[in-house]
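Close look at the chain arrangement
Residue strings, one per chain:
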Amino acid sequence: MEKTLIFGHKNPDTDTICSAIAYADLKTKLGANVEPVRLGSISGETQFVLDYFKVSAPRLVETVANEVNDVILVDHNERQQSVSDIDKVRVTEVIDHHRIANFETSHPLYYRAEPVGCTTTILNKLFKENNVPVQKEIAGLMLSAIISDTLLLKSPTCTAQDVAAARELAEIAGVELETYGLAMLKAGADLSDKTIAQLISLDSKEFQMGGSKVEIAQVNAVDVNDVLSRQAELEAALSTIIADKGLDLFLFVVTDILNNDSVGVALGSKASAVEQAYNVTLSDNKAVLKGVVSRKSQIVPVLTDIFNKQ
């Protein structure tokens, strides 16, 4: 039986890494030959999770077609967010909770996409549907992904299904949901040792919106000034990326995990789209985005609508 690789998007976040590991665990128990891998560095938040539950990080890959013919995508579907040679392999499955864009296959596949806050909420259903119990450490990873993607169940993307799954998985993992969740988020929000390049790449995704090319990066912080105090250096790096990739907009979002607001730094020829989308005025290339914490539900759809009208 040939091996299949399972991976999430570039610049992997906690959901991407934990989903790959959890789904590989389920598929292995169902008799498949699979391996979870990653397409980028492990973040501080994700490392906290892996260390807490004593699970090794998946190995890093740059390409996949040199290893396998088949792959499974978790936590993404858009080609520009995936491995560079995605067009040279067959996608046999997708487990995701995002919009569907820039995605097509030449063969039929299993595609599971649900409008929930986290991929592992869907995976929790798949374990049940296949009558496979979730082990303690895998439950811990799945719980951590939900906490990360829903900001401890406070994000507007969080559904009743996510809440139910989180409580169930917390019990299996043997942790107190609120206590563990806050410790995990604070670990991810410690940006003191991060370079500007690391801050930009921690959780950055590229999108095609109408005829425009947009990149949106997001970091969580306890104090947004930890990042904004370095704005000049940040803007210089963003300007280089905009030029190198031919972007129309780079929106860098710093989310306050305690107050559930964000500050957006917008650069590029179409930065005004951010002003239109949120009815704000950019001052020094930045604006407060009140109540905005979710890229998936509060940023990507809103900006996409603006660009589609241009």
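Described in the following lines is the structure provided in the data block. (Residues numbered from 1 in each chain as written. Predicted model: local features only at pLDDT ≥ 70, side-chain atom pairs only at ≥ 80, totals over all residues. Heavy atoms only, no water.)

Brief notes about the pattern of salt bridges
Tallied over the entire structure, the rule returns 17 salt bridges. The salt bridge partner of Asp284 is Lys286, with a shortest N-O separation of 3.4 Å. Within the structure, one salt-bridge network assembled from shared partners comprises Lys3, Glu35, Arg59 and Glu67. (Salt bridge = Lys/Arg side-chain N within 4 Å of Asp/Glu carboxyl O.)

Here's the deal with the layout of surface pockets
Taken as a whole, the largest pocket encloses approximately 700 Å³ of empty space. Lining the largest pocket are 43 residues, and of these Asp13, Asp149, Asp203, Gln218 and Arg295 sit closest to its centre. Mapped onto the lining of the largest pocket, the elements with two or more residues apiece are helix H2 (44-52), helix H4 (136-150), helix H6 (177-188), strand E7 (204-209), strand E8 (212-221) and helix H11 (295-308). In terms of residues, the lining of the largest pocket owes the most to one element, H11, which gives 5 residues. When the residues that make up the lining of the largest pocket are grouped by side-chain class, the tally is 12 nonpolar, 19 polar and 12 charged. Roughly 180 Å³ of internal volume is contained in the second largest pocket. Forming the walls of the second largest pocket are Asn11, Pro12, Gly40, Ser41, Ile42, Ser43, Gly44, Lys194, Gln198, Ser201 and Leu202. (1 Å grid on protein atoms, 1.4 Å probe; cavity = no way out; pocket = protein on both sides within 12 Å on 5 of 7 lines; lining within 4 Å. Points joined across faces, edges and corners; volume = space filled by probe spheres on them. Helix = DSSP H or I, 4+ residues; strand = E, 2+ residues; numbered from the N terminus. Nonpolar A, V, L, I, M, F, W, Y, C, P; charged D, E, K, R; others polar.)

As for the packing of helix H1 (residues 14-29) against H4
Geometrically, a packed helix pair is captured by the angle between its two axes and the distance between the axes. Where H1 meets H4, the closest approach of the two axes is 9 Å, and the angle between their N-to-C directions is 150°. Between H1 and H4, the interaxial angle falls into the category roughly antiparallel. Along this stretch, H1 crosses H4, giving a crossing that reads as left-handed. Facing Thr14, Asp15, Cys18, Ile21, Ala22 and Asp25 of H1, the residues of H4 in contact are Ile138, Leu141, Met142, Ser144, Ala145, Ser148 and Asp149. A class-by-class count of the residues in the contact of H1 with H4 yields 7 nonpolar, 3 polar and 3 charged. (Axes fitted to C-alpha atoms, helices over the stretch in contact; angles between N-to-C directions. Parallel < 35°, antiparallel > 145°, perpendicular 65-115°, else oblique. Left-handed = near helix turned anticlockwise from the far one by under 90°. Contact = heavy atoms within 4.5 Å.)

Examining the sheet that holds strand E4 (residues 70-74)
A sheet is described by the order of its strands in space; here 6 strands give the open sequence E3-E2-E1-E4-E5-E6, paired in parallel fashion. The sheet terminates laterally at strand E3 (59-60) and strand E6 (110-113), the two strands that pair on one side only. Strand contacts of H1: strand E1 (4-7), strand E2 (34-38), E4 and strand E5 (90-96), with the helix running at about 175° to E2, the strand carrying the most contacts. (Pairing = 2+ DSSP bridges.)

Remarks on the environment of Lys154
Mapped onto the secondary structure, Lys154 falls in the loop between H4 and helix H5 (160-173). Lys154 gets classed as exposed once you look at its relative accessible area, which sits at 53%. (Buried < 20%, exposed > 50% of the residue type's maximum accessible area, 1.4 Å probe, protein only.)

Overview of unusual backbone geometry
You will see that Asn102, though not glycine, has its phi angle at about 50°, which is positive. Its place among the elements puts Asn102 in the loop between E5 and E6.

Comments concerning the nonpolar core
Here is a general trend for soluble globular proteins: nonpolar side chains tend to be buried in one another's company. By size, the foremost hydrophobic cluster in this structure holds 48 residues, and its most contacted members are Tyr23, Leu141 and Leu143. For this core, the elements supplying multiple residues, two or more each, are H1, H2, E4, helix H3 (119-129), H4, H5 and H6. Apart from the residues lying within four places of it in its own chain, the contact partners of Leu141 are Cys18, Ile21, Val49, Leu50, Phe53 and Val55. In terms of nonpolar packing, the next biggest core, distinct from the first, is built from 22 residues, Val214, Ala271, Tyr278 and Ile306 among them. (Core = buried A, V, L, I, M, F, W, Y, C linked by side-chain atoms within 4.5 Å.)

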